[in-house]
Amino acid sequence: MKINENFLKIESSYLFSTVAKKQREYQAAHPDKEVIRLSIGDVTKPLVPAVIEAMHKAVDEMANEESFRGYPPEYGYDFILDAIQKNDYADRGIDIAKDEIFLSDGAKSDCGNIGDIFSVDNKVAICDPVYPVYLDTNIMAGRSGDKGDNGLYENIIYMPCTAENGFMPELPKEKADVIYLCFPNNPIGVTASKEQLKVWVDYALENNSLILFDSAYEAFITDDSPKSIYEIEGAKKCAIELRSFSKTAGFTGVRCGYTVVPKELVFDGTSLNPLWARRQATKFNGVSYVTQRAAEAIYSEEGKKQTKEVIAYYQRNAKVIFDGLTEAGFTCYGAKNSPYVWLSVPEGMTSWEFFDDLLEKCQVVGTPGSGFGPSGEGYLRLTAFGNYEKTIEAVDRIKSVYGKQFKIGGFVK
Ligand code: MLT
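Cut-off values and rules
- Residues numbered from 1 in each chain as written.
- Predicted model: local features only at pLDDT ≥ 70, side-chain atom pairs only at ≥ 80, totals over all residues.
- Heavy atoms only, no water.
- Pairing = 2+ DSSP bridges.
- Helix = DSSP H or I, 4+ residues; strand = E, 2+ residues; numbered from the N terminus.
- Contact = heavy atoms within 4.5 Å.
- Axes fitted to C-alpha atoms, helices over the stretch in contact; angles between N-to-C directions.
- Near = heavy atom within 4 Å.
- Polar contact = N/O pair within 3.5 Å; in protein donor to acceptor, adjacent residues only side chain to side chain.
- Areas by Shrake-Rupley, 256 points an atom, 1.4 Å probe, with all protein chains shown as cover.
- Nonpolar A, V, L, I, M, F, W, Y, C, P; charged D, E, K, R; others polar.
- pLDDT = per-residue confidence, 0-100.
- Salt bridge = Lys/Arg side-chain N within 4 Å of Asp/Glu carboxyl O.
- Buried < 20%, exposed > 50% of the residue type's maximum accessible area, 1.4 Å probe, protein only.
- Patch = residues over 30% accessible without salt bridge, like charges linked within 9 Å, V, L, I, M, F, W, Y side chains within 5 Å.

Chemist: Provide a residue-level description of the sheet that holds strand β11 (residues 332-334), including the pertinent values.
Modeler: One open sheet holds the 4 strands; their spatial order is β11-β12-β15-β14, and the pairing between them is antiparallel. Looking at which strands have only one partner, the edges of the open sheet turn out to be β11 and β14 (367-368). Inspection of the sheet shows β14 paired to strand β15 (residues 379-383) by 2 bridges, in the antiparallel sense. Each bridged residue has a counterpart across the sheet, and for Thr367 the counterpart in β15 is Arg381. Across the sheet, helix α10 (residues 301-328) touches β11, β12 (340-344) and β15, and the angle it forms with β11 is around 155 degrees.

Chemist: Lay out the site of the ligand with the relevant residues and their values.
Modeler: Around the ligand, the neighbouring residues are Phe16, Ile40, Gly41, Lys108, Tyr131, Asn186, Tyr217, Lys247, Tyr340 and Arg381. The contact in question runs from an oxygen atom of the ligand to an N or O atom on the backbone of Gly41, over 2.6 Å. Separating an oxygen atom of the ligand from a side-chain N or O atom of Arg381 is a distance of 2.7 Å. Burial of the ligand by the surrounding chains reaches 86%, relative to a free accessible area of 270 Å². Looking at side-chain class alone, the shell around the ligand contains 5 nonpolar, 2 polar and 3 charged residues.

Chemist: How would you explain the confidence of the model for the protein if you had to name every residue and give the values?
Modeler: With 98% of its residues at a pLDDT of 70 or more, the protein has an overall mean of 96. Across residues 408-413, confidence stays below pLDDT 50; counting only partners more than four residues off in sequence or on other chains, it has 11 contacts.

Chemist: Can you explain the pattern of salt bridges? Please cite residues and give values.
Modeler: As enumerated under the stated definition, the model contains 29 salt bridges in all. Here Asp88 and Arg243 are joined by a salt bridge, their closest N and O atoms 4.0 Å apart. Residue Asp88 is located in helix α3 (residues 78-89), and its partner Arg243 is located in strand β7 (residues 239-244); the two are separated by 155 residues in the primary sequence. Arg243 carries the same exposure label as Asp88, and that label is buried.

Chemist: Describe a nonpolar patch on the surface, with residues and values.
Modeler: Side chains of Met1, Ile3 and Leu8 sit close together on the surface and give an oily, nonpolar patch of about 430 Å² of accessible area. Assignment of secondary structure puts Ile3 in the segment before α1 (15-29).

Chemist: Kindly report on unusual backbone geometry, identifying the contributing residues and their values.
Modeler: Cis geometry marks the peptide bond from Phe183 to Pro184, where omega comes out at -10 degrees. Note on placement: Pro184 falls in the loop between β5 (178-182) and α6 (194-207). A cis amide bond links Asn186 to the next residue, Pro187, at an omega of 15 degrees. Located in the positive-phi region is Phe167, a residue other than glycine, with phi close to 60 degrees. Here Phe167 is to be found in the loop between β4 (156-160) and β5. The backbone phi angle of Ala335 is positive, close to 75 degrees, even though this residue is not glycine. Within the secondary structure layout, Ala335 lies in the loop between β11 and β12.

This is how it looks when you write it as structure tokens:
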């Protein structure tokens, strides 16, 4: 038996697992300290009442022979697909057919699994920094080549997103077959305008490339930036969209999302829609009935109102972090259309050094920017998904430790 040797090319631990391990070790060594976690983008508010009510009702249905359900339809029950089609697309003037929507256990799985339908020879382009799953899953699949001394994988096209280019990736110089885009962006927290997205759609159409568009954070958009790539003309011919209920409705533990694969997506004379349908029917057995009813409830009038309130709660946290740290002297990005704040670490420190310093001096856990890619070096990401009071407390601690140092003119390590 031979193993998949691609796994030997990858970092041995997933970024968020490494961060969580460091937090556990610190806490074990300092049991008296209260550590505040602003690292992984995991929600903290409970599911909204409309969702809970729907889940209770669905559980009761499962307790009766007449209403019990066995295997769900592979791609989702009609009731949830109808709700998605109407609310996320038709009501926004986007024409997506029900059989172009595939319900799943979340965007992370889909994002990893979608590679099953592409050749291993495709040239993949990712932003740098980036949500690690895009890179890691392509390494596992054998698309990355080896890691060079510069820390970059030889067959991956990296698109640096830096303060100099406004954190917007530039079009790749060599042809990219598959392009991962995420807006509002994780980890930086900026989003793309319609004009900026159009540049990518035009590129993909001209170059016969496929865009994998992750819009897991669309609920955080506060301006007129597109929530869906299909708001851009021509996108149905070149883009797959990944959506998640995790951040929209607190489903990180419930697990549910969906992927849109338009039938117009045709490469080498083959439509991708039936390929993905075939892949899912074989390797995925559908989302539980209770979860699908929970997801449906997000689209009810009450559900929409209640989830909006929860998003507003996190948006307030984002503002607290952004404003507080800016006041302390940090240069901050994101927050406006996103639950993430991306900040420059003090001069002379690496991302991991600042991570350690922050944990040691403030008992606050962030995510080091370099964990998201080489261009993330020198930054740290904080999330707004925490408890409001604890977020204020974290910001106060950071201000009292680092704010003073800024006042005396630049950081001292
Ligand atoms: C993050 O912190 O980047 C996200 O929570 C990770 C995820 O959604 O899987």
